[in-house]
Amino acid sequence: MLDLAKLPEGAVTGWDAAGVVVQAAADGSGPAVGSRVVGLVRRKGAWAELAAISTQWLATIPAGVADVQAATLPTAALTALRSLEIGGLLLAKRVLVTGATGGVGRFAVQLAQLAGAHVTALVRRSSDLRGADVVTERIEGDFDLIVESVGGTVFGQAIEHLASHGVVVSLATQDDDQPITFRAGWYSRSPGARIYTLNNFDEPSSVAADLARLCNLLAAGRLDGQVELESSWRETPAAIEALLDRRITGKAVLHVD
């Protein structure tokens, strides 16, 4: 059982949570009582003072890493990490991240740069992004890996810009019934190219192990959660409005006070 209110920095972001363990797993598989942890809640319940989280979906927060930073990891950074790993070894490869100023996009740009890729960030308007080699408002050229987190028309455009044996990882669907169109000739000119739909809970790798890797990158100063808004969980509507109105593009973290 995770107590999100016990620490001064206890924080939650959506179904992500960072706090302290008040009741350890009965089988001894997880962190001890008093451990600071970050986890992913599969069902509703992260926006609460107490949340029951499977030990398979949480990791211990290293010393020196604030709960606020750790709370940004479970959904956005985990999704970015796993999307990039679909592309295999990325050293010197061309990676495109769409929706690069969003939560997943910001992590994907940083992690791709750490992996040695040449990173192009697609944005709505000009913006400085940590880790991006190129920041652009239109897709040009072909890419070995595309992390596609916008959907709709952008998804269709991304499909047309795959290199031979490239892969586009689809993360966003604006409307379940919306048809996606692309020029088939542009896709078929890239032999071996493919489209991969990612769902964190269906991936074979360990959530706990991946969260631990991300926490270690935070601890080493090699990754930044880029928190743009911190507020009380009592001000949740205002935080959601700020995100929906795009008044903030970084992460929003709510403190359980």
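Description of the structure in this document. Sequence positions are assigned chain by chain, starting from 1 and proceeding in written order. Local features in this predicted model are restricted to residues of pLDDT 70 or higher, and side-chain atom pairs are both shown and tallied only at a pLDDT of 80 or more, whereas totals for entire chains, interfaces and linings draw on every residue. With hydrogens and water stripped out, all remaining heavy atoms of the structure feed into the side-chain values.

**What to know about the sheet that holds strand β11 (residues 162–170)**
- In this scheme, strands are said to pair when DSSP sees at least two bridges between them. Strands here are runs of E lasting at least two residues and helices are runs of H or I lasting at least four, both read from the DSSP assignment and numbered beginning at the N terminus. The sheet built from 6 strands is open, its strands ordered β9-β8-β7-β10-β11-β12 with parallel pairing. Whereas interior strands pair on both sides, the edge strands pair on one side only; in this sheet they are β9 (134–136) and β12 (194–197). Between one strand axis and the next, the sheet turns through 20 degrees on average, direction left out of account.
- Both strand β10 (residues 143–148) and β11 contribute to a ladder of 5 bridges, which runs parallel. Paired with V147 across the two strands is V169, which belongs to β11.
- Sheet contacts for helix α2 (residues 73–86): β7 (94–97), β10, β11 and β12; angle to β10, the most-contacted strand, approximately 155 degrees. Only C-alpha atoms enter the line fits that serve as axes; for helices the fit covers just the stretch in contact. Angles between N-to-C directions range over 0 to 180 degrees. We call two residues in contact when some of their heavy atoms are within 4.5 Å.

**Considerations on the pairing of strand β13 (residues 227–232)**
- The pairing of β13 with strand β14 (residues 251–255) spans 5 bridges and is classified as parallel. What sits directly across from E230, in β14, is V253.
- Assignment of crossover handedness uses the view with strands pointing away from the viewer, where a clockwise path from the first strand over the helix to the second indicates a right-handed crossover. Where the polypeptide runs from β13 across helix α7 (residues 236–244) and back to β14, its parallel neighbour, the crossover connection is right-handed.

**Digging into the pairing of strand β8 (residues 118–122)**
- When you tally the buried positions in β8, you get 4 out of 5 residues, the bulk of the element.
- Where β7 meets β8, 4 bridges bridge the pair, whose relative direction is parallel. By the bridge assignment for β8, R94 is matched with H118.
- Note on the crossover from β7 through helix α3 (residues 103–114) to β8: the handedness is right-handed.
- Of the pairings in the sheet, the one linking β8 to β9 comprises 3 bridges and is parallel in character. Burial classes: relative accessible area under 20% of the type maximum marks a residue as buried, over 50% as exposed, and values in between as partly exposed (1.4 Å probe, protein chains only).

**Considerations on helix α4 (residues 152–159)**
- Burial within α4 is extensive, with 6 of its 8 residues counted as buried.
- Those residues of α4 not exposed but buried are G152, V154, F155, G156, A158 and I159.
- Where α4 is buried, its residues meet β8, β10, β11, α5 (184–188) and β12.

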